[in-house]
Amino acid sequence: VQLQAFGGGLVQAGGSLRLSCAASGRTFNSYGMGWFRQAPGKERESVAAITWSGGSTNYVDSVKGRFTISRDNAKNTIYLQMNSLKTEDTAVYYCAARGVPGGSPLLRAEDYAYWGQGTLVTVSS
């Protein structure tokens, strides 16, 4: 089972990036997935979560209205569209998948069993 996140990079404040996370080794079509991030010197925090169908999403307050999580189950891939980026969004972003099918779009890291390797997003002022 492997989750690979990509799409990070350097962007100016106010700009946009789209992260992708491709799953291989198994299908996650029945499983909720999420994005988390860890800034330098800080603890990992949740960003967004999505149900297996994509019908329900959840966001941490700091990204609401700016970030959008989505998924394409045919491609076994989830996305994080990040708009109006701020310097405080600088972090390594990780995708994760639940270990049990179904459920709500949870924002707790302990609810996720599979993790990708992370992709660095740097927002400059």
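A.B. asks: Help me out: how do you make sense of the nonpolar core in this one?
C.D. replies: Nonpolar side chains tend to gather and get buried jointly when the protein is soluble and globular. Counting 29 residues, the largest nonpolar core has Trp35, Leu80, Met82 and Tyr93 as its most contacted members. For this core, the elements supplying multiple residues, two or more each, are strand 1 (2-6), strand 3 (17-24), strand 4 (31-38), strand 5 (45-50), strand 7 (67-72), strand 8 (77-82), strand 9 (91-101) and strand 11 (119-124). Ala49, Ala96, Ala109 and Tyr112 belong to the second largest nonpolar core, which has five residues in total.

A.B. asks: It is not clear to me how the sheet that holds strand 1 should be interpreted in this structure. Could you clarify?
C.D. replies: To summarise the sheet geometry, strands pair through backbone hydrogen bonds and adopt either a parallel or an antiparallel arrangement. Reading across from one edge, 1-3-8-7 is the order of the four strands in this open sheet, with antiparallel pairing throughout. Of all strands in the sheet, those bounded by a partner on one side alone are strand 1 and strand 7. Strand-to-strand twist of the sheet, defined as the mean angle between neighbouring strand axes without regard to direction, takes the value 15°. Examined bridge by bridge, strand 7 and strand 8 share six bridges and lie antiparallel to one another. In the sheet register, Arg71 faces strand 8, and the bridge partner there is Ile78.

A.B. asks: Looking at this model, I keep getting lost on the pattern of salt bridges. Mind explaining?
C.D. replies: Two side chains carrying opposite charge are able to pair once their charged atoms lie near each other. Summed over all chains, the structure comprises five salt bridges. Between Lys64 and Asp61 there is a salt bridge, with its nearest N and O atoms 3.0 Å apart. Here Arg108 makes a salt bridge to Asp111, at a shortest N to O gap of 2.7 Å. A residue is classified by how much of its surface remains accessible, and Arg108, at 48% relative accessible area, is partly exposed. Note on Asp111: relative accessible area 17%, which makes it buried. Three or more residues are tied together by salt bridges with common partners; here these are Arg37, Glu45, Arg66 and Asp89.

What counts, and where the lines are drawn
Residues numbered from 1 in each chain as written. Predicted model: local features only at pLDDT ≥ 70, side-chain atom pairs only at ≥ 80, totals over all residues. Heavy atoms only, no water. Core = buried A, V, L, I, M, F, W, Y, C linked by side-chain atoms within 4.5 Å. Buried < 20%, exposed > 50% of the residue type's maximum accessible area, 1.4 Å probe, protein only. Helix = DSSP H or I, 4+ residues; strand = E, 2+ residues; numbered from the N terminus. Pairing = 2+ DSSP bridges. Axes fitted to C-alpha atoms, helices over the stretch in contact; angles between N-to-C directions. Salt bridge = Lys/Arg side-chain N within 4 Å of Asp/Glu carboxyl O.

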